[in-house]
Amino acid sequence: MNLFMCCGCLSIINKLVHWTTSDGLYRLLQTANFSSFLAGVFTRKDHHVILLALQIVDAIMLKLPHVYLNSFIKEGVPYSLYVLFSPDKDLKDSPVFDGIRMENDAALKPASRGVHRCPCFAFDICQSSKSPENGTCKLEKDTVQILAKRIWISYFETESVNPEKGVTDVLQKLRTLSTALTVLVNESQEEATSSKLEEDFSDLLHQIMSELKEEDSISTFEFVESGLIKSLVDYLSNGRHIGQEVTHAADHFCTMGKRFEVFGQLLVSSTDPASEKSLILALIQRLQNGLSSVENFPVIPSHAYRTRNYYATVPSGHCTPYPCLKVQFVREKEENCLRDYADDIVNVDPFVPLEEIEGYLLPRVRNNKTGNSTLRSEDSKLKDSTCSPSPSDSSTPQGKSAEDIAPMVDVEELQEVKPNLLSSPTNTSSSAQKVMDAAEDSVDQEGHNPLQQEASTSTDSEDTPASLQLYLEGQELNCKSTLYQSILKQQTGTEHDSMSIATLWSRVYKITYGRHATTERIHCKRSHDESTLSLLCEKTFSQYTPYFCRMFISNAEAEELGPSYDVISLLKSLEGINRLRFQLMSRETMRVFAEGRTDDLNKLNSAICEVHQNEFVNKKLTEKLEQQMRNPIAASVGAMPAWCTLLMDWCPFLFGFEARCKYFHIAALGRLPNHTQSTSHGNNGGGSSGRHQNPRKKILVHRNKILESAAHMMELHSRQKVVLEVEYSEEVGTGLGPTLEFYTLVCHEFQRSGLGMWRDDCLVSLFGLFPRPWSPSQTTSSSTLHSEVIKKFTLLGHIVAKAIQDGRLLDLPFAKAFYKLILGKELSLYDIQSFDPALGRALLEFQAVVERKQYLKSHCEDSSRDVDVLLRNTKIEDMCLDFSLPGYPDYVLASGLDSKMVNLHNLEEYVALMVDATTKSGIARQVEAFKSGFDQVFPIRHLKVFTEEELERLLCGEHVLWNSDELLDHIKFDHGYTISSPPIANLLEIMKEFDLKQQRAFLQFVTGAPRLPTGGLASLSPNLTIVRKHCSKGIDDDLPSVMTCANYLKLPPYSSKEVMREKLLYAITEGQGSFHLS
């Protein structure tokens, strides 16, 4: 909440508490957790807010001391008071105390002139209009400390509430458990993990979870202050969770895998039938409350600027719609290996990462004698050529729409497709990342930047391609942050909520540069490299390796999050446990089978209760992000505080789906979506919310050459930010409807049998579309066929990315596992069941047999003796399996005399080869081709803010099209019809009776697409409208007709419901495939 709004609300509450009688106050507050609310207020950063909170506490304790004493103690209010008047006391490592102490140091300063408007004057109507800005703060420096100490002495100065001596019984018990867990973690690092130590861990974890599942006995303050969160994070990370060096990496990550498995199985399997809330859900909710209480991420207000074109010399020489920062680059005094930067003051794009600025600066300050003059001449040339107004910036002639002036292109008259367009996929995302998305409309979309190319070439020739370190006012800058973020962080100190920096754009900033102390970028690197982890854990718990790669972050990033880091880390672990719940429980079933405690493997297929993804969304952080994105300057994620980018990259699940959609549009497309998620059917094809709108381009296509037309279209326009609209040859319809139908037809073409793209190779797959595996030998012997498959996957990547960019819906039933691949996630044995249940189930059972064999051999005195393990009373040898991929006899998994038939000895190798062929090497080239095509439109990495299910919603819309309750709410009736018209009543009854197939046909007939956008009928834009059709003959002779661009259904007033149903079904089934006047 804005500082002034917060002060205003607290002022009202303060007056209400002060003037209300004791009985009235008790009745007023008895239904609210007012103690928890006040404890949260004490974490604010302004002394005006804290003073008001203190006055409220004082009034309540004066009137209702016996009612609120214990409640205040349990929620930590007296501990906050103690820190306020004793900031120098050592109260251990405490996220609560640390947060308050930080605010105390910075907030108790008088308001500085010209920095921000003091709340002392904000509500004083007697002051002149100029006095709020020029007056000094009315509060004396020690006002807060004096009042806090008086309240403490009057009500809380007892042995039982002294933070240095005593705590509540609950807090003491939780601290004891936390200390015990920390001791065990330290012991496990000093000596090898034994079965006794594992049992101690298990018993202690059960005790901790038993305490935490009690809903009302533990307050948020007690939970956070106990240290349990940090102890659990230390346990899961084996004591090294903030970018620390690991000596025995393989053992360390294997330990992490085992603990993750143990902790996850405890949470997932411990569901009390008598309780409505599972253990994992109870822990998630406690952590969400804890995060809301300790986080204090700032919301930076708008910094006003004039709307016009600006020119940024650094890093890539381009025009921007927002102002640039004036920077002077200065070499460090003792730096002899670098030269002075030639220019005095340059304009720098404020919203690009500092690593790009370093990439620009490095070749210009090296001591080599070649290249610098060329770079300087390129700078001046580029400035002359780049700042001319772009087509997207020029105003449209009055009276003509973009549609009217858009050029018509016939794909049949275009040039031939270049041979290497689809057959040689290359990743073009790196060049696209050099220029911020917000400025792409102002520069040549297909041009190359000689500055960037030169700098990149020069940099790549060195052993350390980017070894500069930048400093602002003596402070080292994080290369992942933008210059704007770095300046805000330094100038606002603790980042006041309402800070307004008047001189932000006019100041000249002196940035010092020097060589980086090490070749390794401490701030930029992740704590663990994914490929290294894969090698380390290849044979032990490799299924968790991709998750561990992003489980923890570097020191610099952890410092950015402050006291929230441990809470967010544990929430991330729980989110991973929830996502891998099937895998965790399958592992447990395999372990029980391996130990011989059961022969029943049916539990490998049992359903497991899932925690809904919304439980991981933090409402407070989501609202902060939404508020930040409402800032007019938020044309780029670089204009937001650093915590927004960091959390969205590391823990996107903390934000609601709609907020992430908006963030995605800013990060990937350089604009906010139009309204909410209605852009999928919007007239503007996913236009912007007033910032800028991509131009539209009409394309003429032929129905009998849909894929060829799509390939030509993508060849010309995939790299351009233009909204594509389709008109069919020899048809008069154009605009949204034909365009949506075109994308639908392209999707159906990609699902035709015989393409060699998908498993099962049929039109409709029950479990979704997943790439068909191709072996290396097949790609050589059938090079033409395989190259065609690669071309089609590249084209599919183009289509999917362009559909997202333009806000079009696709009718592509991808398998969940394919969405995981699109998001850059690795697949494992446990994913196969989602797209091929029979194969996945068989491989899981084979893996269980392998683990039982390994267990028996490890417990056998003679390890060389053969053991015999049966699968459902059958020997593996009797199954007559060979080393070929089932369903693809030409795909040979391995060669060799001993690899022709599968037996118990080579079963482990067989399972590994099967998983590799199905989810990795057999489909790697197809997946890379898809990503290559996608990257040519916009970088596919931006999709990582979504889950697989959310990406399907974004791409394909809703599964459930409508229900009977929402039809009346979201359908308009006009031009002769009202809600009470008899034909309308008949139509609604018919629509309620439609099955899914008929709903899809009706939607495609009316809108051009067989699915609704995210949000259902409510998000359809324009709204579905039913109007009366005037018949030239009898009312039962005409068929319904539509205007797909307006989502209009023209319905004759049929004489009966039966006639209407017959005519409507005939129209929606036979009336597809053409657009003519109606």
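Residues numbered from 1 in each chain as written. Predicted model: local features only at pLDDT ≥ 70, side-chain atom pairs only at ≥ 80, totals over all residues. Heavy atoms only, no water.

### Some points on the confidence of the model for the protein
Looking at the protein, the pLDDT average stands at 78 and 75% of residues meet or exceed 70. Below pLDDT 50 for its whole length, residues 494-500 participates in 27 contacts with residues either more than four positions away or in separate chains. (pLDDT = per-residue confidence, 0-100. Contact = heavy atoms within 4.5 Å.)

### Focus: the environment of Leu574
In this structure, Leu574 sits in helix α27 (residues 565-579). Separated by 290 residues in sequence, Leu574 and Ile284 place their C-alpha atoms 7.3 Å apart. With near-sequence residues (within four places) excluded, Leu574 lies in contact with Phe263, Leu267, Ile280, Leu283, Ile284, Leu287 and Phe616. (Helix = DSSP H or I, 4+ residues; strand = E, 2+ residues; numbered from the N terminus.)

### Concerning the sheet that holds strand β7 (residues 475-476)
Ordered by their spatial adjacency, five strands build an open sheet running β4-β3-β8-β6-β7, and the pairing between neighbours is mixed. Lying at the two open borders of the sheet, with one neighbouring strand each, are β4 (346-348) and β7. For strand β6 (residues 468-472) and β7, the ladder comprises two bridges, and the chain directions are antiparallel. Counterpart to Leu472 in the pairing with β7 is Gln475. The sheet contacts of helix α17 (residues 354-365) involve β3 (325-331), β4, β6 and β8 (508-515), and relative to β6 the element is tilted by about 115 degrees. Its contacts with the sheet put helix α23 (residues 483-491) on β3, β4, β6, β7 and β8, and the angle it makes with β3 is roughly 85 degrees. (Pairing = 2+ DSSP bridges. Axes fitted to C-alpha atoms, helices over the stretch in contact; angles between N-to-C directions.)

### Remarks on unusual backbone geometry
With an omega of 5 degrees, the peptide bond running from Val314 to Pro315 counts as cis. Relative to the elements of secondary structure, Pro315 occurs in the loop between β1 (310-312) and β2 (318-320). Each neighbour pair has its own omega, and for Ser1021 with Pro1022 the value is -5 degrees, a cis peptide bond. For Pro1022, the location among the structural elements is in the loop between α44 (996-1007) and β15 (1024-1028). A positive phi angle, near 60 degrees, is found at Asn873, a position not held by glycine. Looking at where Asn873 falls in the secondary structure, it is placed in the loop between α38 (837-858) and β12 (884-885).

### Quick look at the pattern of salt bridges
Summed over all chains, the structure comprises 39 salt bridges. One salt bridge in this structure joins Arg852 and Asp599, with 2.8 Å as the shortest N-O distance. Taken together, the residues Arg852 in helix α38 and Asp599 in the loop between α28 (581-594) and α29 (619-629) connect sequence positions 253 residues apart. When the shortest N-O distance is used, the salt bridge between Glu725 and Arg696 registers 3.2 Å. With a gap of 29 residues between them, Glu725 in strand β10 (residues 723-728) and Arg696 in strand β9 (residues 696-701) connect regions that are remote in the sequence. In this structure, Glu725 and Arg696 share a single accessibility class: buried. A single salt-bridge network, built from bridges that share partners, covers Glu588, Arg591, Glu595 and Arg597. (Salt bridge = Lys/Arg side-chain N within 4 Å of Asp/Glu carboxyl O. Buried < 20%, exposed > 50% of the residue type's maximum accessible area, 1.4 Å probe, protein only.)

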